[in-house]
Amino acid sequence: MMKLSKKIIEIILKSLGTGYEKRFLDSEFGNCHGYMRIVNYTPPSNAEENQVEGLGMHTDMSCITIVFQDELGGLQMRSKDGKWLNIHPCKNSLVVNIGDLMQAWSNGRLRSSEHRVVLRRSRNRFSLVFFWCFEDEKEVIAPNEIVGNGNPRIYHPFVCLKYIKFRESNEVGKFEKIGYTVKDFAGLNV
Ligand SMILES: O=C(O)CCC(=O)C(=O)O
Ligand SMILES: [Fe+2]
């Protein structure tokens, strides 16, 4: 998974600018670490309701997240205009989310996806979720080349762990509260 994550970041860096993978892959992402979460969602107890939120809307605190969901599906992404889109399970496919750290590191060029999980069936749903993150002590700051000449910076630099702590410990920063994310933590009013 570490190798796959690095490969995906390499492709993302290439898409941001020519040669950026050479410039930034090792220097910026060389100390990233990952962890896997195995999630077992119990089915909704109220069979009357045809859709129940298993995991509320949120963004991930990672650079990227790689998701495998079982054949029940239920993962949904929120489009820019606020519509929920079903991410249908697809054999031999994984879903890749951009996370908050990448949104800040790219000065907003990449968007941390707002997503949730809905449960519709009377069976347990399983997923494997791999979060790939900067090291705790890393100062997250978009390189000048990524910001681009003449563009304003929209985040102030922050230490990765401080943001994780903000999301985990601050009542208003909690998981499902989409209103409190990296923009609220480190956003500049520009
Ligand atoms: O279970 C899933 O499909 C996604 C879970 C998720 O978004 C998360 O754990 O952050
Ligand atoms: Fe997530």
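Quantities reported herein were computed from a predicted structural model and do not represent experimental measurements.

1. Thoughts on the pairing of strand β4 (residues 75–78)
- Judged from the three bridges that link them, β4 and strand β7 (residues 115–119) form a sheet pairing that is antiparallel. What sits directly across from Gln76, in β7, is Arg116.
- Here β4 runs beside strand β5 (residues 84–86); their pairing, made up of three bridges, is antiparallel. Bridge pairing in β5 links Met77 to Leu85.

2. Side note on the site of ligand 1
- The environment of ligand 1 is made up of 13 residues, and the closest members are Arg37, Tyr41, His115, Arg125 and Ser127.
- Asp60 has a polar side-chain atom sitting 3.2 Å from an oxygen atom of ligand 1.
- Within the side chain of Arg125, a nitrogen or oxygen atom sits 2.9 Å from an oxygen atom of ligand 1.
- In isolation ligand 1 offers 290 Å² of accessible surface; the protein chains occlude 99% of this area.
- Among the secondary structure elements, those contributing two or more residues to the shell around ligand 1 are β1 (33–41), β2 (52–58), β7 and β8 (125–133).
- Sort the elements by how many residues they give to the shell around ligand 1 and β8 lands first, with four residues.
- Within the shell around ligand 1, the residues separate by chemical class into seven nonpolar, three polar and three charged.

Cut-off values and rules
Residues numbered from 1 in each chain as written. Chains lettered and ligands numbered in written order. Predicted model: local features only at pLDDT ≥ 70, side-chain atom pairs only at ≥ 80, totals over all residues. Heavy atoms only, no water. Pairing = 2+ DSSP bridges. Helix = DSSP H or I, 4+ residues; strand = E, 2+ residues; numbered from the N terminus. Near = heavy atom within 4 Å. Polar contact = N/O pair within 3.5 Å; in protein donor to acceptor, adjacent residues only side chain to side chain. Areas by Shrake-Rupley, 256 points an atom, 1.4 Å probe, with all protein chains shown as cover. Nonpolar A, V, L, I, M, F, W, Y, C, P; charged D, E, K, R; others polar.

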